[in-house]
Amino acid sequence: YMFHGGTNFAYWSGADFKDQYKPVTTSYDYDAPLSEAGDPTEKLFAIRTVISKFQPLPVGPMPPATPKYAYGSVALRKVSACPEACAAPAWHGPAAPRLSLSLQYANLLDVLDVLCPSGPIQSRFPLTFEAIKQAHGFVVYRTQLPRDVLDPATLGAPPHSVCDRGYVMLQQEYRGTLERDGQTTLRVTGRAGDTLDVLLENMGRISFGANVSDFKGLLGNLSLDSSPLSNWLIYPLAIDTAIQQGWPHAALLKSSSGGRAGPAFYTGTFETPGITWDTFVQFPGWSKVRWCVARKGGEGGGAQLSPVSIFQGQLWINGFNLGRYWPRRGPQQTLFVPGSVLHVGRPNNITVLELEGAPPAPFLLFLDRPLFNKTLSRSTAATE
């Protein structure tokens, strides 16, 4: 079907709809005759062999594969915003030189002034991405609890109204995730006036079929024990613009008092050994899963044991959005990094937006080959 699929960089993966919403992976390698990196494959040579039986092949040699490089691993740590207090994380990999690396960390909610410089939109009820002219990416919906909730209450959304994933924070503490065609309720407690934030992720628009009118955001109002919440502040986030303008590497971030759970940015820098070859970045240890009791279809829906796939988000290098990583959901385990986005002789800036919580010792591993086709079974996931 594809001669060359390539990569769905940034937010351009799109989605299918086959009985339910199915976001497409960042890689569109598709086992095509030309690989994601544009290299000829065994399939291409087999096709040429078949064609040669019926007509002459083009004169001249086949273009070779581009060189790849395994730059090694970069250990990421949460450190102080002050450079003097930043210990240099370890660099591993004998094939690569020792790299200088620094890391900064910021909770997403701490930097809304940077990510949404125009300020929030006020609305009695939630507005869709389309209504606020946000084509891709992320939007924060913020309101307050209208009353004390001393006993756990149900924070819920109408079926299919969270498009496509909502990361829920109460008083900046991550409480869980609401998902289109998945979990639609959470149990929460709090005090009147506590701040409720929902980071909504657009995971890609349905690209064909009867469901292409694929609106994004909160399509219906959230409720607390069936009482609708109102008076929302809506923050359309311009994350890519901020990163392309040098944030957060050009800024000293305040230390975060929160834990690792919930949406947060991790940043690091590395230098290449005088080359800018294509590479593939893996997220070792970012594919764990936890199991929880989820309720589908609102208050009357049945409860079931469901996997919550932690560790997923977006990755930028030098301001270029490489796309979404989600190793637990798979099958894609690496993101393609074109050599053209790398620098020689100056630091390469890594920015990671992790949406649910990084592992205790997060790091990235740069490989000279892609890793596809890994999906953990239910029995395997339950033992992790």
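Computed from a predicted model, the values in this text were never measured in an experiment.

1. Let's talk about the sheet that holds strand S10 (residues 165-170)
Paired through backbone hydrogen bonds, the strands of a sheet run either parallel or antiparallel to each other.
Now for step 1: Pairing within the open sheet is antiparallel, and its 6 strands lie in the order S6-S17-S7-S13-S10-S11. The open sheet terminates on both sides in strands that have one partner only, identified here as strand S6 (121-123) and strand S11 (173-179). Between one strand axis and the next, the sheet turns by 25° as a mean value, whatever way the strands run.
Now for step 2: When S10 meets strand S13 (residues 195-201), the two strands line up antiparallel, connected through 6 bridges. Within the sheet, the bridge partner assigned to Val168 lies in S13 and is Val198.

2. Things to note about the UniProt feature "domain: Beta-galactosidase galactose-binding" (unreviewed entry) in the protein
Now for step 1: Per the UniProt record, "domain: Beta-galactosidase galactose-binding" (unreviewed entry) is annotated on residues 311-345.
Now for step 2: Here residues 311-345 is 0% helix and 43% strand, with 32 Å between the C-alpha atoms at its ends.

3. Comments concerning the sheet that holds strand S15 (residues 223-224)
Now for step 1: The strand order S12-S8-S15-S16 describes an open sheet built from 4 strands, whose pairing is antiparallel. Whereas interior strands pair on both sides, the edge strands pair on one side only; in this sheet they are strand S12 (185-190) and strand S16 (227-228).
Now for step 2: Judged from the 2 bridges that link them, S15 and S16 form a sheet pairing that is antiparallel. Pairing of Leu224 across the sheet is with Ser227, part of S16.

Basis of the calculations
Residues numbered from 1 in each chain as written. Predicted model: local features only at pLDDT ≥ 70, side-chain atom pairs only at ≥ 80, totals over all residues. Heavy atoms only, no water. Pairing = 2+ DSSP bridges. Helix = DSSP H or I, 4+ residues; strand = E, 2+ residues; numbered from the N terminus. Axes fitted to C-alpha atoms, helices over the stretch in contact; angles between N-to-C directions. UniProt positions renumbered as here; feature names shortened; annotations may be inferred.

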